[in-house]
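Residues per chain, in single letters:
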Amino acid sequence: MISAKADLHIHTFLSPCGDIGMTPLNIVRQAKAKGLQLIAVTDHNSTLQGPVVRRVGEREGLAVIYGAEITTREEVHCLAYVETEEQRLVLQHYLEQHLPPVPNNPDIFGYQLWVDENEQVLGEAPFLLISGIDQGIDQVAGFVHSIGGLFVPAHIERPRNSLISQLGFVPPGLTADALELSRFTNPVDFCSKNTYLKKYTIIQSSDAHYPGDIGSASTSLLMEKPGFEGLKTALTTPHE
Amino acid sequence: MTVKEMAEALNLRVFAGEEGLEKQVAGGYTSDLLSDVMGYADAGMVWITLQTHKNIMAIASLKELSAVILVKGFEPDDDTLALARQEQITLLGTSGQAFETSGRLYRLLYP
């Protein structure tokens, strides 16, 4: 077993709010420079930049997990992680099916482009990716689990777009594989003030939108080797 | 004014929690952020929202709200209905949106 340093919430240039410097190569190199062994690509309501980042990661020696930061109908941001290209395509189809067809205005929100390894544009997402999809949080959790993915509500303590801001508190019975805290919160303090959440695995990630943010928060997880299987085992194994 | 009188005057649909129809309405609060309602709504208020998650009934109970009105024709989730019954708080619905529903309730309460 190794202790893998993981940052499981990273945006790319595809997210309208993602910096132009968040290209596949920059992300992978910055993550390696920060000593990370596992990252997840989690753009808003899209998985389309994942494959290129994973390919660059394979070449450079960094494990990359496919993911998305899904905005639920309640406008709660939730992370979904999947393992295979097949699962990613199913997740992508689900997101496209449920995202409202509101055109993006790049002047206001930013561009929604995904690129190849050489930073050549591969495509542009037409609809605003930060909208809420028309599925409630329990439906999203159910879907992600139905395709074998992992479901982690993001930055749950933040005053905007979080489980706690939108729904008041973590609903009893929510089927989450872990809960994510933002980099602005001390996990030990948070857990001591929120003992009702002690049954959950708590992770912390950077929610990086700029290259310099990558690895600014991370979680060390015990696993055989860095990757989805290791993450799944680390998150879902009962803990103290 | 009771919840029942309000529901009749505003032509609201009763989803669940009929046991709460005789409660008194002390005011209204319109918000879709549950954390905001938890912090700022007062006991006896009717809460107008588009959120349908079961946590709305938990918060209505915690804050001792008199009723909850779902707007825009939204239907409650099944576990939301169950919690409304359990907490005996009337869960109502309207096809109107939050602005007009709030306006109609305001005019009713403060003629």
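Everything that follows concerns the structure shown earlier in this document.
Reading the values: the criteria
- Residues numbered from 1 in each chain as written.
- Chains lettered and ligands numbered in written order.
- Predicted model: local features only at pLDDT ≥ 70, side-chain atom pairs only at ≥ 80, totals over all residues.
- Axes fitted to C-alpha atoms, helices over the stretch in contact; angles between N-to-C directions.
- Helix = DSSP H or I, 4+ residues; strand = E, 2+ residues; numbered from the N terminus.
- Parallel < 35°, antiparallel > 145°, perpendicular 65-115°, else oblique.
- Left-handed = near helix turned anticlockwise from the far one by under 90°.
- Contact = placed C-beta atoms within 7 Å.
- Nonpolar A, V, L, I, M, F, W, Y, C, P; charged D, E, K, R; others polar.
- Buried ≥ 20, exposed ≤ 12 C-beta atoms within 10 Å, placed from the backbone.

Now for the packing of helix H1 (residues 24–33) of chain A against helix H2 (residues 50–60) of chain A. Residue and element names in this part refer to chain A. Following both chains from N to C, one finds H1 and H2 inclined at 45°, their axes separated by 9 Å at the closest point. Classified by the angle between their axes, H1 and H2 sit oblique to one another. With respect to the hand of their crossing, H1 and H2 are arranged in right-handed fashion. Contacts between H1 and H2 pair Pro 24, Leu 25, Ile 27, Val 28, Arg 29 and Lys 32 from the former with Val 52, Val 53, Val 56, Gly 57 and Glu 60 from the latter. Per-class residue counts for the contact of H1 with H2 are 7 nonpolar, 1 polar and 3 charged.

Residues and elements named next belong to chain B. Structurally, Ile 69 is set in strand S4 (residues 67–70). By the C-beta count within 10 Å, which is 27 here, Ile 69 ends up buried. When the C-alpha positions of Ile 69 and Val 14 are compared, they lie 9.2 Å apart, and in sequence the two are 55 residues distant. Ignoring anything within four residues of it in the chain, the contact list for Ile 69 reads Leu 12, Val 46, Ile 48, Leu 92, Gly 93, Thr 94 and Thr 101.

Our focus in this paragraph is the interface of chain A and chain B. Accessible area lost when the parts come together is the quantity often used to give the size of an interface. At the junction of the two partners, chain A supplies 10 residues and chain B supplies 10 residues. When residues in the side of chain A that touches chain B are grouped by element, the largest group, 4 residues, is from helix H6 (residues 163–167) of chain A. Classifying every residue of the side of chain A that touches chain B by side-chain character gives 5 nonpolar, 4 polar and 1 charged.

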